[in-house]
Amino acid sequence: MGFEPPQRLVRALGEMYGDGAAADWLDRLPTLTEQAIGAAGPDLTVERVAAPGGRSALVLLVRQADGTPAALKFAPPCAEPERERAALAHWNGWGAVKLLDASAADASGALLLERLHHEVSLRSLPEAKALLEAAGTVRRLWVEPPAGHPFETVAERTGRQAEGMRAAAEADPELAPLVDAALAARTELVGSSPELLLLHGNFRQSKVLSGERAPWLTVGPEPLVGERAYDLARLVRDRAEDLIASPGGPVTARRRVKRLADSLEVEQARLHGWTLFRAVESGTRALAEGRRQMGEVNLEFAGWL
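In this report, the structure presented in the accompanying data block is examined. Keep in mind that what you see is a predicted model, and the values were worked out from it rather than measured.

## Quick look at the overall build of the protein chain
A tally of helices and strands in the protein chain yields 11 helices and nine strands. Taken over the C-alpha trace, the protein chain has a radius of gyration of 19 Å; the compact-globule value for 305 residues is 19 Å, and the two agree within 12%. Projected onto its principal axes, the C-alpha positions of the protein chain cover 55 × 40 × 40 Å. Expressed as a percentage of the 305 residues in the protein chain, the buried residues total 50%. Within the structure as shown, the protein chain displays about 14,000 Å² of accessible surface, and the carbon and sulfur contribution to it stands at 52%. Each charge class in the protein chain can be summarised by its mean position, and for the 36 positive and 42 negative side chains these summaries are 5 Å apart.

## Some thoughts on the nonpolar core
Counting 50 residues, the largest nonpolar core has Leu232, Leu271, Trp274, Val280 and Phe301 as the members making the most contacts within it. When neighbours within four sequence positions are excluded, tryptophan 274 is seen to be in contact with Val154, Thr158, Arg186, Leu189, Val190, Glu227, Ala229, Tyr230 and Ala233. Membership of the second largest hydrophobic core comes to 19 residues, among which are Leu29, Ile37, Ala110 and Leu112.

## Side note on the sheet that holds strand β4 (residues 111-114)
In space, the four strands of this open sheet follow the order β1-β2-β3-β4, with antiparallel pairing throughout. In this open sheet, the two edge strands, each paired with only one partner strand, are β1 (45-49) and β4. The mean inter-strand angle of the sheet, taken between neighbouring strand axes irrespective of direction, is 35°. Here six bridges tie strand β2 (residues 58-63) to strand β3 (residues 69-74), and the two strands are oriented antiparallel to one another. When the sheet's bridge partners are listed, leucine 58 is paired in β3 with phenylalanine 74. Strands β3 and β4 of the sheet are contacted by helix α3 (residues 81-91), whose axis makes an angle of about 40° with β4.

## Focus on the environment of arginine 186
Turning to its location among the elements, arginine 186 is positioned in helix α6 (residues 176-190). Placed 68 residues apart in sequence, arginine 186 and histidine 118 show a C-alpha to C-alpha distance of 34 Å. Ignoring any residue separated from it by four or fewer positions in sequence, one finds arginine 186 in contact with Ala155, Thr158, Gly159, Trp274 and Phe277. A polar contact is formed between the side chain of arginine 186 and the side chain of threonine 158, at a distance of 2.8 Å.

## Considering the packing of aromatic side chains
Scanning all chains against the criterion turns up three aromatic pairs. Between the aromatic rings of tyrosine 230 and tryptophan 274, the centroid separation amounts to 5.2 Å while the plane-to-plane angle is 85°, which identifies the pairing as edge-to-face. Separated by 44 residues along the polypeptide, tyrosine 230 in helix α7 (residues 228-236) and tryptophan 274 in helix α10 (residues 268-288) bring together distant segments of the chain. Grouping residues by exposure puts tyrosine 230 and tryptophan 274 together as buried.

Scoring rules and cut-offs
- Residues numbered from 1 in each chain as written.
- Predicted model: local features only at pLDDT ≥ 70, side-chain atom pairs only at ≥ 80, totals over all residues.
- Heavy atoms only, no water.
- Helix = DSSP H or I, 4+ residues; strand = E, 2+ residues; numbered from the N terminus.
- Rg over C-alpha atoms; globule rule 2.2 N^0.38 Å.
- Buried < 20%, exposed > 50% of the residue type's maximum accessible area, 1.4 Å probe, protein only.
- Areas by Shrake-Rupley, 256 points an atom, 1.4 Å probe, with all protein chains shown as cover.
- Lys, Arg positive; Asp, Glu negative; His and termini not counted.
- Charge placed at Lys NZ, Arg CZ, Asp CG, Glu CD.
- Core = buried A, V, L, I, M, F, W, Y, C linked by side-chain atoms within 4.5 Å.
- Contact = heavy atoms within 4.5 Å.
- Pairing = 2+ DSSP bridges.
- Axes fitted to C-alpha atoms, helices over the stretch in contact; angles between N-to-C directions.
- Polar contact = N/O pair within 3.5 Å; in protein donor to acceptor, adjacent residues only side chain to side chain.
- Phe/Tyr/Trp six-rings, centres within 6.5 Å; stacked < 30°, edge-to-face > 60°.

Spelled out as structure tokens, the structure:
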């Protein structure tokens, strides 16, 4: 089938994985879609590409043989779609989009998912309501991981990320105080992790979409195992660009840490520490990828904590 991937996806993949690797995978997409559709059988009808779509995967809107709407998701191998498959299979629709085909993936690595309203996320709600709904959704995901699971730990993922943060500080000494504080917080947190639960890994308002089976369901996990405070830390930073533009931003940011920690019974100091680490990591990574505005927003937010 012929189609043009959304430009938002093309730009984002180039930023995350480099233009060469992104172009290679994008060039292979027509073949991958043919493989996935062939593996699904002749009863899967393709309607259109979901646009503008996300920043990490291509989603085709399809219909199954009985007319049920579904979505076929393609992500590059470096995004580890098989770990996403494993997490969605374990959640089995509890708080998350349902995986419709839990069998082993074909060569395309595509995921067949229930179709949600991709154009309606929690970001469409007022901030207070969005945070309330987000908290109620993410707590459903925090379950014991399956035996023999393939997921990395928070300590492993953040250990890899720390290397990029140190490199950023060496390249720009002005970043060193924030990077040092974030790395010190990580060292203390991983040394005393209180729990090992299955986490979404990249949970934020835009990852929670409206559905038919449930009002709100999570999509796009980058699953790992660890403590709830790590998973909640990305949500604290949601709509950071709006906070940066408001005079009461620093106070609002600190209040958000307390409110979310209290509502989900997470230790406030641990949520504060992981929020600092994740904001600095995101900021330094964005700068390295050439997304200067986003990098500066994240680092300014980190400085408020």
